[in-house]
Amino acid sequence: MITSRRDYLLRIIEEVSLALARVTTLRASRRELDALQSVVGACERLFGLEADKLFQLTPSQHFGMLTENEPSELARERVLLYAALNKEAGLAYAALNSSAMARASFANALRFTLLARIAYGEEDAPAFAPSVADLQESLKGEALDPDLQELLRTPV
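What counts, and where the lines are drawn
Residues numbered from 1 in each chain as written. Predicted model: local features only at pLDDT ≥ 70, side-chain atom pairs only at ≥ 80, totals over all residues. Heavy atoms only, no water. 1 Å grid on protein atoms, 1.4 Å probe; cavity = no way out; pocket = protein on both sides within 12 Å on 5 of 7 lines; lining within 4 Å. Points joined across faces, edges and corners; volume = space filled by probe spheres on them. Helix = DSSP H or I, 4+ residues; strand = E, 2+ residues; numbered from the N terminus. Nonpolar A, V, L, I, M, F, W, Y, C, P; charged D, E, K, R; others polar. Phe/Tyr/Trp six-rings, centres within 6.5 Å; stacked < 30°, edge-to-face > 60°. Buried < 20%, exposed > 50% of the residue type's maximum accessible area, 1.4 Å probe, protein only. Salt bridge = Lys/Arg side-chain N within 4 Å of Asp/Glu carboxyl O. Core = buried A, V, L, I, M, F, W, Y, C linked by side-chain atoms within 4.5 Å. Axes fitted to C-alpha atoms, helices over the stretch in contact; angles between N-to-C directions. Parallel < 35°, antiparallel > 145°, perpendicular 65-115°, else oblique. Left-handed = near helix turned anticlockwise from the far one by under 90°. Contact = heavy atoms within 4.5 Å.

*Asks:* I would appreciate a short explanation of the layout of surface pockets in the present structure.
*Replies:* By rolling a water-sized probe across the atoms, one finds the places where empty space is left. In this structure, the largest pocket spans a volume of roughly 360 Å³. Lining the largest pocket are 18 residues, with Phe55, Asn86, Ala104, Ser105 and Asn108 positioned closest to its centre. Listing elements by their share of the lining of the largest pocket, those giving two or more residues are α2 (32-47), α5 (72-95) and α6 (99-120). Element by element, the count of residues in the lining of the largest pocket is highest for α6, at 7 residues. Each residue belonging to the lining of the largest pocket can be placed in one class, and the counts come to 11 nonpolar, 4 polar and 3 charged.

Here it is in structure tokens:
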């Protein structure tokens, strides 16, 4: 049973990783709306929930869904995939001049990147893991919520 669960999670991670690559290609091709639609689909697949339910949950609930009862290495990859999808959404929103949505997406990407780093360390991070410094630069001059400020102060 445990092996089948692990295989299932590995398949989900692979599918969402491929979706992330598609999102990046779409965004680079100036197809931001298609990229955002792909981000939503990838998030639905990653969480196993439809968008209308998924985006009503809090970041703590998202983190719990991605990590609870999961092996550390798989939980870490799932959290970092979610962070990378949020970063791509932020870049797409920025290109569409939707600064509020870009800011929210970058903040969420930073939050989940920091949570993964704190919970699982930063060694041998997958290539798709967002850079904390890049995300901070994307949020430069923006007021960060207290929880995010606390995460930034938390030692790894």
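On we go.
*Asks:* So what exactly am I meant to see when it comes to the packing of aromatic side chains here?
*Replies:* Aromatic rings in a pair are described by how distant their centres are and how their planes are angled relative to each other. Taken as a whole and judged by the stated rule, the model has 2 aromatic pairs. Ring centres of Phe47 and Tyr82 lie 5.0 Å apart, and the angle between their planes is 85°; this geometry places the pair in the edge-to-face category. Here Tyr82 lies in helix α5 and Phe47 lies in helix α2, a separation of 35 residues in the sequence. Exposure remark for Phe47: the relative accessible area of 8% places this residue in the buried category. Three or more aromatic residues joined by ring pairs make a cluster, and in this case those are Phe47, Tyr82 and Phe112.

*Asks:* Before we go on, may I ask you to explain the pattern of salt bridges in this structure?
*Replies:* Opposite charge on two side chains permits them to pair, given that their charged atoms come into close proximity. Scanning all chains against the criterion turns up 9 salt bridges. Between Arg31 and Asp34 there is a salt bridge whose closest N-O contact spans 2.9 Å. Classification of Asp34 as partly exposed rests on a relative accessible area of 32%. Of the charged contacts in the structure, one is a salt bridge between Arg153 and Glu150, with a shortest N-O distance of 2.9 Å. Taken together, the positions of Arg153 and Glu150, both in helix α8 (residues 146-153) and 3 residues apart, correspond to about one turn of that helix. According to the relative accessible area criterion, Arg153 is exposed, its value standing at 54%. Its relative accessible area of 42% is what places Glu150 among the partly exposed residues.

*Asks:* Which parts of the structure should I look at to understand the nonpolar core?
*Replies:* Most often, soluble globular proteins have nonpolar side chains that are buried together. Within the largest apolar cluster, 44 residues are counted, with the highest numbers of intra-cluster contacts made by Leu46 and Phe112. Put simply, the parts of the chain that give this core at least two residues each are α1 (2-28), α2, α4 (59-67), α5, α6, α7 (132-138) and α8. The greatest single-element share of this core, amounting to 11 residues, is contributed by α5.

*Asks:* For this particular structure, what's the right way to read the packing of α5 against α6?
*Replies:* Where α5 contacts α6, the axes come no closer than 7 Å and their chain directions differ by 160°. Considering the angle they form, α5 stands roughly antiparallel to α6. As α5 packs across α6, the resulting crossing turns out to be left-handed. Classifying every residue of the contact of α5 with α6 by side-chain character gives 16 nonpolar, 6 polar and 2 charged.

*Asks:* Is there a simple way to think about the packing of α4 against α5 in this case?
*Replies:* When two helices pack together, their arrangement is captured by the angle between the axes and the distance separating the axes. Running from N to C, α4 and α5 point in directions that differ by 140°, and their axes come no closer than 8 Å. Put simply, α4 runs oblique to α5. Contact residues: α4 offers His62, Phe63, Met65, Leu66 and Thr67, while α5 offers Ala75, Arg78, Val79 and Tyr82. For the contact of α4 with α5, the class distribution of residues is 6 nonpolar, 2 polar and 1 charged.

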